[in-house]
Amino acid sequence: MPYSLQDLLPQFSRWLSVEKGYSPKTVESYGRDLAEFASFIGSDQDVRRIEPHTVRSYVYALNGKNKGTSVARKLSALRTFFRHLLREKIITHDPVAPIATPKLEKHMPVFLTVDEVFTLMEMPGDQDAFAFRDRAILEILYSTGVRVAELASLDLERLDSEEGMLRVTGKGNRERLVPVGTPALEALSRYLPQRTLLIRERIGRGDPPENKAVFLNHRGLRLTTRSIERLVKFYALRAGIAARVTPHALRHSFATHLLEMGADLRTVQELLGHVSLSTTQRYTHLNMDHLNEVYDRAHPKARM
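Residues numbered from 1 in each chain as written. Predicted model: local features only at pLDDT ≥ 70, side-chain atom pairs only at ≥ 80, totals over all residues. Heavy atoms only, no water.

Q: So what's going on with the pattern of salt bridges? Which residues, and what values?
A: The final tally for this structure, using the stated rule, is 17 salt bridges. With its nearest N and O atoms 3.8 Å apart, the salt bridge here joins Arg-226 to Glu-229. Taken together, the residues Arg-226 and Glu-229, both in helix α9 (residues 225-239) and three residues apart, mark about one turn of the helix. For Arg-226, a relative accessible area of 54% puts it in the exposed group. What emerges from the salt-bridge pattern is a single network uniting Asp-33, Glu-36, Arg-73 and Lys-74. (Salt bridge = Lys/Arg side-chain N within 4 Å of Asp/Glu carboxyl O. Helix = DSSP H or I, 4+ residues; strand = E, 2+ residues; numbered from the N terminus. Buried < 20%, exposed > 50% of the residue type's maximum accessible area, 1.4 Å probe, protein only.)

Structure follows, in structure tokens:
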């Protein structure tokens, strides 16, 4: 009985979702990448007959049309898929194993200075209909270092205002506790009455209320990641910050400023929800670059 990639894809997607706990967006991305490979090799091709030279030809074809990061991502999807088939004993050899992952240029994460962060926090003002909500979003992003998807999916029951703690569900459905600073908690308390009003208005229109989500839009529905990204960009432009400011830049700023103030790497790893310490270590390199820059600018013997 032949095993085509298209036939195996639904089972693989269920495995990613149920066993690995991947988000629907990630599962969808894997599916697109594998469907593209299936189109390259032929939809009826038996996965047991795929050899490394076929995968290598596919990678060569990708290199002409895609950035290195895209090629690496597509190859990663193939690796995960074929390793899964190997564990399930559907195949006896992994055709992707001999293929080297393309080397990628390392990009240091964008982060703001402390002064830039403070300026950004002050940008929501009286002219903004959702100033309290937006200030709370900015404060929590910087105070906790959570990912934008984690913030968008945040439910009110996950916040313990008395203890100043947030229970976050991150990648792979892994939970972690994150402390929330006093300014963020105060900003949130100023927003919550508006949240209650948005829920009441929604009920008044005869619509089912969104009782769980912390952050709501003007229709009383859960705020999306895209909307959070837009409002961060909007206030950064208003603040005149030259860097491209995103929710992830505030996450980077959170980690960088902690390390600059003496936090240890393991603590920052735990707060960010990184599985691997090597992911967190890039902030160490960034911190060293910052120290070198300060030294070159300030030390009288630095340029001699």
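Q: Now, about the nonpolar core: what can you tell me, with residues and values included?
A: Of all hydrophobic cores here, the largest spans 50 residues; its most connected members are Leu-120, Leu-151, Phe-215 and Ile-228. Sorting the residues of this core by element identifies α5 (114-121), α6 (131-144), α7 (148-152), β2 (165-169), α8 (182-204), α9, α10 (247-260) and α11 (265-272) as the ones contributing at least two each. Broken down by element, the residue count for this core peaks at seven residues, all from α8. (Core = buried A, V, L, I, M, F, W, Y, C linked by side-chain atoms within 4.5 Å.)

Q: Summarise the packing of helix α2 (residues 24-41) against helix α4 (residues 68-87); cite the residues concerned and give the values.
A: Think of two packed helices as two axes; the pair is described by the angle between the axes and how far apart they sit. For the pair α2 and α4, interaxial distance at closest approach is 9 Å and the crossing angle is 90 degrees. Overall, the two elements α2 and α4 adopt an arrangement that is roughly perpendicular. Residues Ser-29, Tyr-30, Asp-33, Leu-34, Glu-36 and Phe-37 of α2 form the contact with α4, whose own contacting residues are Arg-73, Lys-74, Ser-76, Ala-77, Leu-78, Thr-80, Phe-81 and Phe-82. Broken down by class, the residue content of the contact of α2 with α4 amounts to seven nonpolar, three polar and four charged. (Axes fitted to C-alpha atoms, helices over the stretch in contact; angles between N-to-C directions. Parallel < 35°, antiparallel > 145°, perpendicular 65-115°, else oblique. Contact = heavy atoms within 4.5 Å. Nonpolar A, V, L, I, M, F, W, Y, C, P; charged D, E, K, R; others polar.)

Q: Break down α11 for me, citing the residues and quoting the values.
A: Listing the buried residues of α11 in full gives Leu-265, Val-268, Gln-269, Leu-271 and Leu-272. The buried side chains of α11 occupy one side of the element, clustering within an arc of 165 degrees when seen end-on. More than 90 degrees from the buried face of α11, the exposed residues found are Arg-266 and Glu-270. Phi turns positive, to about 80 degrees, at Gly-273, one or two residues after α11. (Arc of directions from axis to C-beta.)

Q: Which residues make up the packing of helix α3 (residues 52-63) against α4, and what values go with them?
A: One way to put it is that α3 packs onto α4 with a least axis distance of 10 Å and a crossing angle of 155 degrees. Accordingly, the angle class assigned to the pair α3 and α4 is roughly antiparallel. The handedness of the crossing between α3 and α4 is right-handed. In this structure, α3 uses Val-55, Tyr-58, Val-59, Leu-62 and Asn-63 to contact α4, whose residues at the interface are Val-71, Lys-74, Leu-75 and Leu-78. Tallied by class, residues from the contact of α3 with α4 come to seven nonpolar, one polar and one charged. (Left-handed = near helix turned anticlockwise from the far one by under 90°.)

Q: Talk me through the sheet that holds strand β1 (residues 159-160); I want residue IDs and the actual numbers.
A: Pairing within the open sheet is antiparallel, and its three strands lie in the order β1-β2-β3. Strand pairing shows two members of the sheet lacking a second neighbour, β1 and β3 (175-179), which therefore form its edges. (Pairing = 2+ DSSP bridges.)

Q: Requested: an account of the pairing of β3, with residues and values cited.
A: Only one face of β3 is covered, namely the face carrying Arg-176 and Val-178; the face carrying Glu-175, Leu-177 and Pro-179 is uncovered. As judged from the five bridges shared by β2 and β3, these two strands associate in the antiparallel manner. Bridging from a neighbouring strand, Thr-169 pairs with Glu-175 of β3. Linking two consecutive strands that pair antiparallel, namely β2 and β3, is a turn of five residues; a positive phi of about 70 degrees is found at Gly-172 within it.

Q: Account for a positive patch on the surface, with residues named and values stated.
A: Where like charges cluster on the molecular surface, the positive patch consists of Lys-20, Arg-83, Arg-87, Lys-171 and Arg-174. Inspection of the secondary structure puts Lys-20 in the loop between α1 (5-19) and α2. Overall, the relative accessible area of 38% leaves Lys-20 in the partly exposed class. (Patch = residues over 30% accessible without salt bridge, like charges linked within 9 Å, V, L, I, M, F, W, Y side chains within 5 Å. Areas by Shrake-Rupley, 256 points an atom, 1.4 Å probe, with all protein chains shown as cover. Lys, Arg positive; Asp, Glu negative; His and termini not counted. Charge placed at Lys NZ, Arg CZ, Asp CG, Glu CD.)

Q: Kindly report on unusual backbone geometry, identifying the contributing residues and their values.
A: With phi around 60 degrees, Lys-89 is a residue other than glycine that occupies positive phi space. Judged by its relative accessible area of 73%, Lys-89 is exposed.

Q: Before we move on, could you go through the packing of aromatic side chains and cite the residues and values that matter?
A: In this structure the tally under the stated criterion is 10 aromatic pairs. Arranged with centres 6.3 Å apart and planes meeting at 55 degrees, the rings of Phe-12 and Tyr-30 form a pair that is tilted. Of this pair, Phe-12 sits in helix α1 while Tyr-30 sits in helix α2, placing them 18 residues apart in sequence. Measuring from ring centre to ring centre gives 5.2 Å for Phe-40 and Tyr-58, while their planes differ by 55 degrees; the resulting arrangement is tilted. One end of the pair, Phe-40, is in helix α2; the other, Tyr-58, is in helix α3, with 18 residues separating them in the sequence. Owing to a relative accessible area of 3%, Tyr-58 belongs among the buried residues under this scheme. Of the aromatic side chains, those joined through ring pairs into one cluster are Phe-12, Trp-15, Tyr-22, Tyr-30, Phe-37, Phe-40, Tyr-58, Phe-81 and Phe-82. (Phe/Tyr/Trp six-rings, centres within 6.5 Å; stacked < 30°, edge-to-face > 60°.)

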